[in-house]
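# Remarks on the overall topology
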Amino acid sequence: MHGRVLAEFGDDPHRYASAKARKNYAGTSPITRASGRKKVVTARYVLNDRLIDVLIAQAFSAPRVSPGARAYCEKQRARGIEFNAALRQLANRLVGILHDCLKTGTRYDEATAWSHRAHPLAA
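Here we summarise the structure given alongside this text. (Residues numbered from 1 in each chain as written. Predicted model: local features only at pLDDT ≥ 70, side-chain atom pairs only at ≥ 80, totals over all residues. Heavy atoms only, no water.)

### Things to note about the packing of helix H3 (residues 49-65) against helix H5 (residues 83-104)
- Here H3 crosses H5 at 95°, and the two axes come no closer than 8 Å. As judged from the angle between their axes, H3 and H5 are roughly perpendicular. Touching Leu55, Ile56, Gln58, Ala59, Phe60, Ala62 and Pro63 of H3 are Phe83, Leu87, Arg88, Leu90, Ala91, Leu94 and Val95, all from H5.
- Per-class residue counts for the contact of H3 with H5 are 12 nonpolar, 1 polar and 1 charged. (Axes fitted to C-alpha atoms, helices over the stretch in contact; angles between N-to-C directions. Helix = DSSP H or I, 4+ residues; strand = E, 2+ residues; numbered from the N terminus. Parallel < 35°, antiparallel > 145°, perpendicular 65-115°, else oblique. Contact = heavy atoms within 4.5 Å. Nonpolar A, V, L, I, M, F, W, Y, C, P; charged D, E, K, R; others polar.)

### Brief notes about the pattern of salt bridges
- A complete count under the given rule lists 2 salt bridges for this structure.
- Its salt-bridge partner being glutamate 8, residue arginine 4 comes within 2.8 Å of it at the nearest N-O pair. Here arginine 4 and its partner glutamate 8 are both found in helix H1 (residues 2-9), 4 residues apart, which amounts to about one turn of the helix.
- Exposure remark for arginine 4: the relative accessible area of 41% places this residue in the partly exposed category.
- By relative accessible area, glutamate 8 is classed as buried at 11%.
- Several salt bridges converge on common partners, so that one network encompasses Arg4, Glu8 and Arg50. (Salt bridge = Lys/Arg side-chain N within 4 Å of Asp/Glu carboxyl O. Buried < 20%, exposed > 50% of the residue type's maximum accessible area, 1.4 Å probe, protein only.)

### Overview of helix H2 (residues 19-26)
- Among the residues making up H2, those that are buried are Arg22, Lys23 and Ala26. Buried residues of H2, viewed axially, fall in a sector of 100°; they line one side.
- On its buried face, H2 is in contact with H1, H3 and H5.
- Positive phi shows up at glycine 27, right after H2, with a value of about 85°. (Arc of directions from axis to C-beta.)

### Structural notes on the packing of aromatic side chains
- In this structure the tally under the stated criterion is 5 aromatic pairs.
- Measuring from centroid to centroid gives 6.2 Å for phenylalanine 9 and tyrosine 25, while their planes differ by 50°, and the two rings are tilted. Placement of the pair is phenylalanine 9 in helix H1 and tyrosine 25 in helix H2, with a sequence separation of 16 residues.
- With a relative accessible area of 1%, phenylalanine 9 lands in the buried category.
- Ring geometry for tyrosine 16 versus tyrosine 25: centroids 5.8 Å apart, planes at 50°, classification tilted.
- Note on tyrosine 25: relative accessible area 30%, which makes it partly exposed.
- Over the aromatic face of phenylalanine 9 sits the side chain of arginine 22, whose NZ or CZ is 4.9 Å from the ring centroid. (Phe/Tyr/Trp six-rings, centres within 6.5 Å; stacked < 30°, edge-to-face > 60°. Lys NZ or Arg CZ within 6 Å of the ring centre and 35° of its normal.)

Dropping the structure here:
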């Protein structure tokens, strides 16, 4: 699964200027259209089908093994977001984590990846 993700993104470490560019290529980031009175957020429909399929599969299985991914998904569902949209948002977050790992040359670390989402315990 992870091999397919890396193969679809390519092997040039400088191909994507930012995590947002990688997310846009993957098709996981939403499209926001805003006018003076209205703001509409929709899913991307022009995307790399092989890449989005494996990213959604990865997002589907991530909550079973990652407490951070599970908490992220549960938070999205608690906000009333539908299951598929929550999976797409998790896939988007996982693409950002992958970008950071590739950019810094570090391995995935659960504590680092989800530390900004952790809630401090009340004393």
